[in-house]
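Chain and residue survey
So the chains spell out like this:
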Amino acid sequence: MRANTETNEFERLYTAYSADVFRFLLYLTGNWELAQDLASETFVRAWTTDVPIRTETAKAYLFTIARNLYTAHLRAFRGEVPDDSDLSIPAAQASGLEARDELAHTLRDLNRIAEGDRAAFVMAVFEELGYEEVARALGITAGAVKARVFRARLRLTELRQQRESRSSK
């Protein structure tokens, strides 16, 4: 009976957060397939842990696992820089050429931001986690999260302005 209850809890966890974890990893990696693989591995790790997952911090906990897996992936493939082909999005996932282009630009720009700043920005802005929750997930203070989000916003603005000035010439 206990195993069935745990399975139901895990199914609820997966249903509630799988899209969020995938999206977070997509923004971190800029690579659709890698984000899918890491998202799957995130839930495998959550399923096999002996640590009980508290409902109120589940999303931050999953993001912590996901970010740790991404960091491990970076270490394993250090020096390999993703090319623009990694940023392609399956046509069924983005409507219209303009939306795909904007998403590809956003992913490319995000990948030009320091990983720590990018993770804080994605969690706080796209995933709408509070600074305290992001701080717990990243193991830093809320003040450091605010600074990272601010730096990421500045860098994204700078990259967008550079892109727009190149396209207007």
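Now for a look at the structure at hand.

Cut-offs and rules
Starting afresh in each chain, residues are numbered from 1 along the sequence in its written order. This being a predicted model, a pLDDT of at least 70 is required before a residue's local features are given, and a value of 80 or more before pairs of side-chain atoms are given or counted; all residues contribute to the totals for chains, interfaces and linings. Only heavy atoms go into the side-chain values, all of them from the structure, while hydrogens and water stay out. Only buried residues count toward a nonpolar core, which is a set of Ala, Val, Leu, Ile, Met, Phe, Trp, Tyr and Cys residues joined through side-chain atoms within 4.5 Å. Only protein chains enter the accessibility calculation, which uses a 1.4 Å probe. A residue is then buried if its area is under 20% of the maximum for its type, exposed if over 50%, and partly exposed in between. We count a stretch as a helix when DSSP gives it H or I for four or more residues in a row; a strand needs E for two or more, and each element gets its number in order from the N terminus. Note on contacts: a residue pair is in contact if any heavy atoms of the two residues lie within 4.5 Å. Each Phe, Tyr or Trp ring (for Trp, its six-membered ring) is paired with any other whose centre lies within 6.5 Å, and the angle between the two planes then decides the class: stacked below 30 degrees, edge-to-face above 60, tilted in between.

1. Some thoughts on the nonpolar core
The biggest cluster of nonpolar side chains holds 43 residues, and the ones touching the most others in it are Val21, Phe24, Leu25, Leu62, Met123 and Val134. Every element with two or more residues in this core is listed here: α1 (2–29), α2 (32–48), α3 (58–76), α4 (96–110), α5 (115–126), α6 (131–138) and α7 (142–167). Top contributing element to this core by residue count: α1, with 10 residues. With residues up to four places along the chain from it excluded, the contact list for Phe24 reads Phe63, Ala66, Arg67, Ala119, Val122, Met123 and Glu127.

2. What to know about the packing of aromatic side chains
Throughout the structure, instances matching the rule amount to seven aromatic pairs. Arranged with centres 4.5 Å apart and planes meeting at 20°, the rings of Phe24 and Phe63 form a pair that is stacked. Pair noted here: Phe24 is in helix α1 and Phe63 is in helix α3, with a separation of 39 residues, a long-range link. Of the two residues, Phe24 and Phe63, both sit in the buried class. Aromatic side chains Tyr27 and Phe126 sit 4.2 Å apart centroid to centroid with 10° between the ring planes, which places their arrangement in the stacked category. In this pair, Tyr27 sits in helix α1 while Phe126 sits in helix α5, placing the two residues 99 residues apart along the sequence. Joined through ring pairs, the aromatic side chains of Phe10, Tyr14, Phe43 and Trp47 make up one cluster.

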